[in-house]
Amino acid sequence: MKLTLEEQDMLDGKYGNATQKSVEILITLGDIFDADGMVDVHGVQIAGVSYANLGEAGLEFLSEMAEDGKVRVLTTLNPAGMDRENWQALGIDEEFAKNQNRAIDAFAKMGIITTCSCTPYLIGNSPHYGQHIAWAESSAVCYANSVIGARTNREGGPSALASAITGKTPKYGYHLDENRHGEVLVKVNAAVNGTDEFGVLGKIIGDKLVELGKKIPYIEGIPEATIEELKSFCASVATYGGTALFHMEGITPEYNKYPKPVDISFEISQSDLNKTRSELIDDDLEIDFVSIGCPHASIYEIERIASLLKGKKVKKEFWITTARPTKRIADEAGYSKIIEEAGAKFAADTCCVVAPIKGRFKGIMVDSAKACYYGRAKNQFKVKIGPIKECVEEAIK
Ligand code: F3S
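Since this is a predicted model, take the numbers as computed values, not measurements.

Cut-offs used in this document
- Residues numbered from 1 in each chain as written.
- Predicted model: local features only at pLDDT ≥ 70, side-chain atom pairs only at ≥ 80, totals over all residues.
- Heavy atoms only, no water.
- Near = heavy atom within 4 Å.
- Helix = DSSP H or I, 4+ residues; strand = E, 2+ residues; numbered from the N terminus.
- Nonpolar A, V, L, I, M, F, W, Y, C, P; charged D, E, K, R; others polar.
- Domains from an automatic or database assignment.
- Phe/Tyr/Trp six-rings, centres within 6.5 Å; stacked < 30°, edge-to-face > 60°.
- Buried < 20%, exposed > 50% of the residue type's maximum accessible area, 1.4 Å probe, protein only.
- Pairing = 2+ DSSP bridges.
- Axes fitted to C-alpha atoms, helices over the stretch in contact; angles between N-to-C directions.

Caption draft 1: Representation of the site of the ligand in the model. In the vicinity of the ligand, the residues found are Pro79, Cys118, Glu137, Ser139, Gly293, Cys294, Pro295, Cys351, Val353 and Lys370. Broken down by element, the shell around the ligand gets its largest block of residues, 3 residues, from strand β11 (residues 289-297). Of the residues belonging to the shell around the ligand, the class tally is 6 nonpolar, 2 polar and 2 charged. When residues of the shell around the ligand are assigned to domains, at least three fall in each of domain 1 (5-177) and domain 3 (289-396).

Okay, structure coming up:
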């Protein structure tokens, strides 16, 4: 890989140990993927933040990097294992909280903004069209590439941190035009509405892509979509299909930049949506937990939940998972008061998947197909998907 003078200096240790180690990680990655050089990144998002994922080995690596490492670009974190301010109310164990804070402190020491969110694009870590970034959370990577038209591969925890410390990433994969073409034409012949239904659509497309061995769908037949619907779709298609980029005709910015795929195509009907929805509702379901905010809830979603909860009381554990800055806006707008008076809880900085709650509940209701996947696979809950309104109704019934 060709290095600039500055990158060579990094490799020679002129900027300290953490920078040297970081550039070594990036060179190894670049060599594996045949990159001929690096590209400057505009921002970074780091995943693998929960102490449950990091463990002591991960924490040791972070502490070592934090000895002399400082980030060069705006960097935020993916959700951690707990709400940093409200962990006790969410039933998080004290020992876990102590270890989670040790990890966050190591990130903070490197100059990372310790906002823990999978929707960095909603809270100011927002690239523009065409900008190169190094993000790690799969749903956010898919959103950045597809909805914004920024460019990122799906980074692992160490490579994202290495990019933050050097301000660079190897130029391969989705950083290059030639890898951003649609591969499969998807024709949607059904009306798709709401975060839950966009999640169902993401599962259908993701499952089909896996079957076809393809990654980038070109989707036609969706006349409009909100930010919330797109973030749900991104989370789902990334979960079920490993998709990091899609084009949606008339909606995403690069849909007409490359030739439309013609060789492979499939159609999606209303009955496909209904069938897949039923796959996301388990039999013998006893719901004792409701969670909205996968990916992290926007202020629009919180406002909606507040209006549905006004004057009511929840009877089940009900979490709204969101980014801390979004929660602060909800506080100022008075939405948090309404929600908390109803007995629902904010779980900022975390979510129902990364928090250590395995086995704590029997059944979860969500509006997210991604949360259904991990609710089953990671936390061993039974699951039900439904629109936000039905989730709120379930919590209060
Ligand atoms: Fe975000 Fe957690 Fe869902 S990280 S995408 S809320 S699984």
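Caption draft 2: A look at the packing of aromatic side chains. One pass over the full model with this rule turns up 10 aromatic pairs. Seen in terms of ring centroids, tyrosine 51 and phenylalanine 96 are 6.2 Å apart; in terms of plane orientation they differ by 75°. Their pairing is edge-to-face. Highlighted residues: tyrosine 51 in helix α3 (residues 51-68) and phenylalanine 96 in helix α4 (residues 94-109), separated in sequence by 45 residues. Grouping residues by exposure puts tyrosine 51 and phenylalanine 96 together as buried. With a centroid separation of 5.5 Å and 85° between ring planes, the pair formed by tyrosine 240 and tyrosine 373 is classed as edge-to-face. Taken together, the positions of tyrosine 240 in helix α8 (residues 227-241) and tyrosine 373 in helix α13 (residues 369-377) put the pair 133 residues apart, joining distant regions of the chain. Take tyrosine 240: its relative accessible area is 12%, and that puts it in the buried class.

Caption draft 3: Inspection of the sheet that holds strand β14 (residues 363-366) at higher detail. Strand order in the open sheet formed by 5 strands is β13-β12-β11-β14-β15, with parallel pairing between adjacent strands. If you trace the sheet from one side to the other, it starts and ends with β13 (345-348) and β15 (382-385), each paired once. The mean angle between the axes of side-by-side strands here comes to 25°, regardless of whether they run parallel or antiparallel. Pairing of β14 with β15 involves 4 bridges; the strand directions are parallel. Considered in β15, the bridge of methionine 365 is made with lysine 384.

Coordinates in, geometry out; function isn't part of it.
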